[in-house]
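Remarks on the overall topology
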Amino acid sequence: PNKNIMLLKDKPLIQYSIDASLSSKVHETWVSTDCSNIKKEAIACGANVLDRPKELASDTSPSEEALLHFSEHVNFDILVFLQPTSPLILSCDINTGLDKLFTNNYDSLFSAYREHWVPRWSLQIKPKDWDINHRPMRQNVDELLVENGALYISTRKQLLSSKLRYGGRIGYIEMPLYRSFQIDTEDDVALVKKLL
């Protein structure tokens, strides 16, 4: 509860993403919330606020519901969706994403980091997607992109058509791993404090 306004290095968590947005090329910065305390902090940080209905703000509500609600109440051509749980995002990440979206005619875009292959195991101690008798060499396995949850950009048309944060012609921007951490646990808080 109230995670998005917890203090992180003397700033509420939500202020990091608001500051990144305000310093970027976007024309307006909005926060969608059903919480009066978050609304107060968002306004103090310089954001506009859209009151979100309680039924779209439960722990099981997908973000797409809030994005579609936003599209019903605010006019936009391009939506830049930031999550306050990713405080290491910078305005240059947003600007890079917007530039890439326009340059490549993408309909949507997300932020990610590259992951080299590492052997993963199930909790039942079974190799996950690799053979114990033929362990591959890391350099022989394709790298993967891992969504880091910090940034999603979509055209209004794409969002309304697919009802998803991404669809159509999809691109990505790469962020470094050390800025790709999200705050979901107390351990995450301790780690991100060291990175800020």
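Notes on the structure follow. No experiment lies behind these values; they were computed from the predicted model shown. (Residues numbered from 1 in each chain as written. Predicted model: local features only at pLDDT ≥ 70, side-chain atom pairs only at ≥ 80, totals over all residues. Heavy atoms only, no water.)

Along the backbone of the protein chain there are six helices and eight strands. Oriented by its inertia axes, the alpha-carbon framework of the protein chain measures out at about 55 × 40 × 30 Å. By the burial criterion, 42% of the 196 residues in the protein chain qualify as buried. Excluding contacts between residues fewer than 6 apart, the proportion of contacts in the protein chain whose partners are at least 24 apart in sequence is 66%. As displayed, the protein chain has an accessible area near 11700 Å², and 51% of this comes from carbon and sulfur atoms. (Helix = DSSP H or I, 4+ residues; strand = E, 2+ residues; numbered from the N terminus. Buried < 20%, exposed > 50% of the residue type's maximum accessible area, 1.4 Å probe, protein only. Contact = heavy atoms within 4.5 Å. Areas by Shrake-Rupley, 256 points an atom, 1.4 Å probe, with all protein chains shown as cover.)

On to the packing of aromatic side chains. By the definition in use, this model includes eight aromatic pairs. On the numbers, 5.9 Å between centres and 65° between planes, the contact of Phe110 with Tyr166 is edge-to-face. Of this pair, Phe110 sits in strand β6 (residues 108-115) while Tyr166 is found in the loop between α5 (156-162) and β8 (170-174), placing the two residues 56 residues apart along the sequence. Taking relative accessible area as the criterion, Phe110 reaches 14% and is therefore assigned buried. Relative accessible area serves as the criterion here: at 27%, Tyr166 is assigned to the partly exposed category. Arranged with centres 5.3 Å apart and planes meeting at 90°, the rings of Trp121 and Trp130 form a pair that is edge-to-face. Residue classification places Trp121 among the partly exposed residues on the basis of a relative accessible area of 41%. Through pairs of rings, three or more aromatic residues link up here, namely Phe81, Phe110, Tyr152, Tyr166 and Tyr172. (Phe/Tyr/Trp six-rings, centres within 6.5 Å; stacked < 30°, edge-to-face > 60°.)

Pairing is mixed in the open sheet, where four strands are placed in the order β5-β7-β6-β8. Of all the strands in the sheet, just β5 (78-82) and β8 have a single pairing partner and so form its edges. Pairs of neighbouring strands in the sheet enclose a mean axial angle of 35°, with direction left out of account. With five bridges joining them, β5 and strand β7 (residues 144-155) adopt antiparallel strand pairing. Looking across to β7, one finds that Phe81 is bridged to Tyr152. (Pairing = 2+ DSSP bridges. Axes fitted to C-alpha atoms, helices over the stretch in contact; angles between N-to-C directions.)

Purely spatial values, then, with no claim about function.
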